[in-house]
Amino acid sequence: MNKSQLLQGTLDLLILRILEVGPNHGWGISSRLQQMSKNRLKTSQGSLYPALHRLEMRGEVRSEMTASENNRRARVYTITRAGRKRLNQETETWEAFALSMRRVLGEGR
Amino acid sequence: MIGRLFAALRGLLRRRRIQAEIAEELRDHLEREVEAHVLRGLPPEEARRLALRDLGGLTQTIEATRAVRATWLDAFWRDLAYAARVLRRSPRFTLTALILLVVAIGSTTAIFSIAYAVLVRPLPYPEADRLVFVAGYDGAGVIWPNFEEWRSRARSFDSLASSLADAVIVTGGPIPRRFESRSVTANFFRVLGVRPVQGRLFDDADARPDAALTAMVSHAFWMRELGGAPGAIGQTLSINRKAFTLIGVLPPGFRYMTPADVYILLEPQVAANYRGMQSRNTRTTLYAVGRLKSGVSVTAARAEMQTIAAALALKYGATAKGSDVTLVALADRVVGDMAPTLTVVTGAVMLLLLIACVNLAGLLLNRSASRAHEFSIRSAIGGSRWALIRQLLIEQALLVVTGGVLGALAGAAILTVLVRVAPREMPRLDEIRLDIVVLTWTTLFSSACAFLFGILPAVKASGVSGQELVVRSGRGSTRPATALRKALMLAEITVATVLLSGAGLMVHTMVRLSRVDPGFDPHNLQTFMFSLTGPQWPDARKQVFYDAVVERLRAVPGVENAAVTYSLPTLGSNWWNVFNFPGKTREDWISVGEFPNAGMVPVTAGYFETLRIPLIKGRYFNRSDTPDSLPVAIVNSSLARKYWLNEDPVGKQVRQGFPTEPFGPWRTIVAVVGDIKQEGVDRETSPQVFMPIVQQPRTTVFAIARTRATVTPSSLEMAIHELDRTIPVFNDRTIDQVMREASSRRRIAMIVLSVFGGVAVLLAAIGIYGVIAQGVAERRQEIGVRMALGATGGQILRLFLRHGLAIVAVGIPCGIVAAVAAARSLASLVFGVTVTDPATLGTAAAVLTAVTLLACYVPACSATRVDPLEALRSE
């Protein structure tokens with residue numbers, strides 16, 4: 001498992017978690033991420049948007065162009081059933097992994 | 001899974017919109033970011049600057065996002081663009097391959113389209129495979145009484161019809177016009193399965209003796225003569241001076257055997273005993289066409305008809321005409337004697353397709369060989385085999401599709417030209433189109449060849465191990481199977497020999513034909529036909545009229561001389577009859593085994609002078625030969641030699657007909673004239689008896705004018721119409737045209753074989769050159785070493801010429817054997833030369849030997865100029 005894959009997988013998971021709360025647009029996801037991680041996690045737009053579109057291609061989110069204020073249109077993303085399923089699976093995997101890591105690191109101390 | 005597929009599909013459909021939407025999405029993001037900064041109290045400019053920095057490279061983000069959405073279609077476009085670039089980078093290869101594909105696909109498609117339209121495509125009638133053509137013994141017509149017997153006895157047919165080709169005079173316009181016509185039984189069109197576009201078909205009620213006369217016309221006649229008006233149905237047409245009601249119009253392009261404009265019923269003609277049709281003792285051109293009951297085979301129908309014929313022979317005596325019967329599928333009959341030409345042409349085109357594909361194969365083989373290095377490197381550094389094959393597939397497909405499109409265009413052009421030079425009498429000419437099935441077939445064939453030889457070697461090369469690669473890298477390429485290349489060269493030589501010798505035979509034939517002395521001067525002779533039909537033309541009026549016509553024609557400016565004849569030279573004899581000498585009885589001739597017979601040709605005085613037929617003895621006909629003067633005749637020298645070898649024929653007498661049934665008076669021979677090729681320049685000279693037309697009047701005759709300058713046919717026809725406006729005049733043409741048309745089957749074969757033979761030789765030369773040149777390129781270092789070790793240029797030259805000699809030594813004999821085998825299909829087309837003519841075969845062999853050696857010599861020469869130092873340094 002190389003570094004970029006790890007990060008990418010993590011980002012997917014984080015996006016899905018944010019969308020589980022409710023539909024949101026790209027900027028909203030980005031700012032929620034900062035809020036929820038208390039500014040510890042920050043994603044660059046250069047990876048956020050490709051990730052969002054990749055999730056959509058995989059059918060884990062769907063999107064709609066909706067009219068927003070100021071005559072602009074925004075793309076709003078919604079999590080799909082497949083997305084929820086993946087979120088649940090990967091959350092479990094992640095927690096199991098984190099637990100193992102903690103155990104190993106804790107024992108080593 | 002389905003969601004994913006749906007998204008991919010949506011992505012594909014919205015491909016163009018995606019980029020714009022991503023840009024919009026990011027702009028929205030930017031604005032929100034700015035607003036957020038402003039809310040936190042930053043001045044707007046600062047907020048924008050910050051937001052832009054956070055967003056990073058906008059373009060890169062758009063590109064990265066779009067890349068996620070990329071589909072297989074994008075990958076395909078990328079591969080296609082790469083393939084186009086690769087092909088553009090090697091223009092010599094690309095151009096040669098394209099030329100080969102265009103030649104292969106274009107010519108084969110055009111020629112096959114013709115062959116398919118004429119030979120293969122079913123007749124334009126529904127369920128045409130159930131239609132059969134029935135004739136009397138040896139293909140002669142069937143007499144009406146026998147046809148009626150057939151119709152009532154035969155059980156094999158749903159229905160049996162008959163028809164005969166004729167011509168009618170239609171009056172009512174400013175001048176009477178003659179049209180080709182066909183007299184048909186009432187069920188004829190129903191047997192063929194034709195539906196009228198206007199009105200109705202004949203029915204049995206129309207054929208009853210008390211019914212009014214009815215006619216149908218062709219679509220062309222309806223459009224041209226009747227203005228295409230639906231109201232024309234029910235109109236009265238004056239045909240042969242009788243009133244016919246027009247009841248229907250046939251569909252456009254309808255044709256049975258020969259084209260005709262007017263169709264009338266046969267039954268009333270039989271009832272009127274027209275041309276003695278009720279008689280058993282007559283000759284006829286009536287032929288039957290039947291629709292077999294479904295499930296009845298042609299063989300079964302033939303067997304039944306032969307049984308019926310045998311029964312008729314018993315009933316009417318063995319001598320009764322029509323004691324035998326010929327029954328063939330209608331399609332076989334329609335193709336007729338064009339079949340040998342088409343076989344030859346189709347064979348030639350298949351050989352050309354073969355040679356082009358062989359060449360293409362060689363070309364691709366060489367290319368794969370020179371790219372093997374590239375492929376092995378690509379696979380060594382991790383390029384997947386599939387990616388490599390996909391790339392090659394796309395390259396070949398691009399090549400084949402481009403070649404296919406250009407080939408189809410070339411095919412259409414070739415087809416247009418060929419249809420233009422094709423003889424008028426060629427069946428179903430108007431139905432020829434560039435055939436899609438054929439085009440697909442030839443394209444698939446070439447593609448299969450391209451893929452087979454273009455990809456397989458490359459696939460093999462991509463499997464080469466890294467170590468082998470290093471070992472081989474010195475040579476720069478791998479050599480494809482040498483045996484395969486040699487086999488390809490042999491195939492090329494063999495095929496080229498076959499085509500070239502065929503072309504040689506046809507050229508020889510045409511030269512021989514052009515050298516045949518027709519016995520008269522065939523140039524500058526304008527002819528047309530006219531017809532003196534009807535009760536208003538008693539013999540006495542005809543006798544005066546012929547001379548009047550000749551006088552008028554001679555008065556036309558540019559006309560040197562003119563005559564009227566019953567048979568046109570080279571077009572065949574219109575009247576063939578037996579004749580007798582004084583004192584000879586039937587038994588005398590039976591003991592000889594044959595009655596004397598000859599072509600009987602009534603002509604006006606001045607006929608021989610007009611045609612420039614030499615007088616050997618005696619005198620030409622002149623104005624002193626009148627209806628009431630001594631009946632006279634002129635014979636040709638063939639006839640004179642046959643019956644009066646050591647005697648003077650002048651003063652002898654002949655009379656037409658059998659000794660027991662004479663026809664006409666005893667005629668005194670007044671002259672012997674030179675032989676002419678009456679039956680056609682490729683035929684044996686026939687015995688001929690000429691007589692003054694005033695002593696033997698005929699109804700439909702040819703006028704011939706010897707012209708000095710160009711005289712339009714219409715000015716000649718006008719001369720006739722000045723005499724009588726009611727005379728139908730038709731079929732104007734020159735004797736040169738008649739002769740050209742007669743040789744058109746051969747001319748087509750010659751043109752096709754010569755062009756294809758030339759192209760085949762060129763292709764073979766290119767192919768051999770390519771292989772040898774490749775060999776020289778591959779062996780540069782070896783040559784360098786040899787030269788460094790003291791080999792002379794001559795030795796190097798011999799090294800490569802030996803290749804050429806080896807190919808010649810095997811290929812030419814193969815080619816000659818194949819040519820002799822193939823020449824049999826030319827047997828009915830050649831004239832004045834045997835199909836195994838050693839001179840022709842020898843010439844073809846010599847030409848190919850020279851071409852092969854030249855194709856080897858050029859690259860071999862370049863080998864002698866290899867600089868040993870340079871060749872070795874590049875190691």
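Residues numbered from 1 in each chain as written. Chains lettered and ligands numbered in written order. Predicted model: local features only at pLDDT ≥ 70, side-chain atom pairs only at ≥ 80, totals over all residues.

1. Brief notes about the overall build of chain A
- The helix and strand tally for chain A stands at four helices and three strands.
- Secondary structure of chain A in N-to-C order comes out as α-β-α-α-β-β-α.
- Buried residues in chain A amount to 28% of all 109 residues. (Helix = DSSP H or I, 4+ residues; strand = E, 2+ residues; numbered from the N terminus. Buried ≥ 20, exposed ≤ 12 C-beta atoms within 10 Å, placed from the backbone.)

2. As for the overall build of chain B
- A count of helical and extended segments in chain B gives 28 helices and 21 strands.
- Here chain B holds 875 residues, and the buried ones make up 40% of them.
- Of the contacts formed within chain B by residues at least 6 apart in sequence, a portion of 83% connects residues at least 24 apart. (Contact = placed C-beta atoms within 7 Å.)

3. Considering helix α14 (residues 385–421) of chain B
- A rise of 1.5 Å per residue sets the reference length of α14(B), with its 37 residues, at 54 Å; its end C-alpha atoms lie 52 Å apart and thus fit the reference within 8%.
- Listing the buried residues of α14(B) in full gives B:L392, B:E395, B:Q396, B:L399, B:V400, B:G403, B:G404, B:G407, B:A408, B:G411, B:I414 and B:L415. (Expected span 1.5 Å × (residues − 1).)

4. Comments concerning the nonpolar core
All names here are of chain B.
- Residues L360, L499 and A760 are the most contacted members of the largest nonpolar core, which totals 96 residues.
- Sorting elements by how many residues they give to this core places helix α13 (residues 339–380) first, with 20 residues.
- For L499, the contacting residues outside a window of four places in its chain are A348, L351, L753, F756, G757 and A760.
- If you look at the next biggest cluster of nonpolar residues, it comprises 58 residues, including L160, F188, A215 and W222. (Core = buried A, V, L, I, M, F, W, Y, C linked by C-beta atoms within 7 Å.)

5. Details of the confidence of the model for chain B
All names here are of chain B.
- When pLDDT is averaged along chain B, the result is 83; 89% of the residues meet or exceed 70.
- Counted against residues more than four places away or in other chains, residues 469–478, with its pLDDT under 50, gives 16 contacts.
- Interface predicted TM-score (ipTM) for the complex: 0.83; the corresponding pTM is 0.66. (pLDDT = per-residue confidence, 0-100.)

6. Concerning the pairing of strand β11 (residues 525–531) of chain B
All names here are of chain B.
- When β11 meets strand β20 (residues 700–707), the two strands line up antiparallel, connected through seven bridges. Counted as the bridge partner of F530 is V701 from β20.
- Where β11 and strand β21 (residues 729–734) come together, four bridges link them in antiparallel fashion. Within β21, the position partnered with Q526 by the bridge is T734. (Pairing = 2+ DSSP bridges.)

7. Some thoughts on the interface of chain B and chain A
- Each side of the interface is counted separately: chain B has 23 residues, and chain A has 21 residues.
- Where the side of chain B that touches chain A is concerned, the elements lending two or more residues are α1 (2–13), α2 (15–39), α3 (44–55) and α4 (58–69) of chain B.
- Across the side of chain B that touches chain A, the residue classes break down as six nonpolar, seven polar and 10 charged. (Nonpolar A, V, L, I, M, F, W, Y, C, P; charged D, E, K, R; others polar.)

8. Some words on the sheet that holds strand β3 (residues 73–79) of chain A
All names here are of chain A.
- Ordered in space as β1-β3-β2, the three strands form an open sheet in which the pairing is antiparallel. The two strands at the open ends of the sheet, each matched to only one other strand, are β1 (24–25) and β2 (61–67).
- Pairing of β1 with β3, which is carried by two bridges, proceeds in the antiparallel orientation. For H25, the partnering residue across the bridge sits in β3 and is V76.

9. Regarding the packing of helix α7 (residues 144–153) of chain B against helix α11 (residues 298–316) of chain B
All names here are of chain B.
- Packing of α7 against α11 brings their axes to within 11 Å, and their N-to-C directions diverge by 125 degrees. It follows that α7 is oblique to α11 by the angle criterion. Helix-helix and strand crossings are classified by hand; for α7 and α11 the assignment is right-handed. When α7 is examined against α11, the residues N146, E149, W150 and R153 are found in contact with a partner set consisting of M305, I308 and L312.
- Class assignment for the residues of the contact of α7 with α11 results in four nonpolar, one polar and two charged. (Axes fitted to C-alpha atoms, helices over the stretch in contact; angles between N-to-C directions. Parallel < 35°, antiparallel > 145°, perpendicular 65-115°, else oblique. Left-handed = near helix turned anticlockwise from the far one by under 90°.)

10. Regarding the packing of helix α24 (residues 744–778) of chain B against helix α27 (residues 838–864) of chain B
All names here are of chain B.
- With their axes 9 Å apart at the nearest point, α24 and α27 run at an angle of 30 degrees to one another. In terms of axis orientation, α24 runs roughly parallel to α27. Like other packed secondary-structure pairs, α24 and α27 cross with a definite hand, here right-handed. Of the residues in α27, those in contact with V761, A764, A765, I768, Y769, I772, A773 and V776 of α24 are V847, L848, V851, T852, A855, C856, V858, P859, A860, S862 and A863.
- In terms of residue class, the contact of α24 with α27 is made up of 17 nonpolar, two polar and no charged.

11. Considering unusual backbone geometry
Residues and elements named next belong to chain B.
- Phi is positive for E127, close to 45 degrees, though the residue is something other than glycine.
- Non-glycine residue R241 carries a positive phi angle of around 65 degrees.
- Here R241 shows up in the loop between β6 (236–239) and β7 (242–249).
- Overall, the presence of 14 C-beta atoms within 10 Å leaves R241 in the partly exposed class.

12. Quick notes on the confidence of the model for chain A
Residues and elements named next belong to chain A.
- Per-residue confidence for chain A gives a mean pLDDT of 80, with 85% of residues at or over 70.
- Here helix α1 (residues 3–21) stands out as the element of chain A with the lowest mean pLDDT, 73, in contrast to β1, whose mean of 88 is the highest.
- Note on residues 1–6: pLDDT is under 50 here. Beyond four places in sequence and across chains, it has one contact.

13. Brief notes about the environment of B:E31
Residue and element names in this part refer to chain B.
- Examined against the element boundaries, E31 turns out to sit in helix α2.
- The class of E31 is partly exposed, set by 18 C-beta atoms lying within 10 Å.
- When the C-alpha atoms of E31 and A47 are compared, they prove to be 9.8 Å apart, with 16 residues separating the residues in sequence.

14. Section: α13(B)
- Taking 1.5 Å per residue, 42 residues should reach 62 Å; α13(B) reaches 58 Å between its end C-alpha atoms and fits that length.
- The largest bend in α13(B) amounts to roughly 50 degrees and is located at B:R371. (Bend = angle between axes of the 7 residues up to and from the residue.)

15. Some remarks on the environment of B:G347
Residues and elements named next belong to chain B.
- As for its placement among the helices and strands, G347 is situated in helix α13.
- Accessibility expressed as a C-beta count within 10 Å gives 21 for G347, which makes it buried.
- Placed 236 residues apart in sequence, G347 and I111 show a C-alpha to C-alpha distance of 9.9 Å.
- Those residues in contact with G347 that sit more than four places away from it in its chain are A822 and S825.

16. Digging into the environment of B:P176
Residue and element names in this part refer to chain B.
- Among the secondary structure elements, P176 is positioned in the loop between β2 (157–171) and β3 (177–184).
- For P176, a count of 21 C-beta atoms within 10 Å corresponds to the buried category.
- Along the primary structure P176 and V729 are separated by 553 residues, whereas in three dimensions their C-alpha atoms are 8.7 Å apart.
- With residues near it in sequence (within four places) discarded, P176 still touches I169, V170, T171, T726 and P728.

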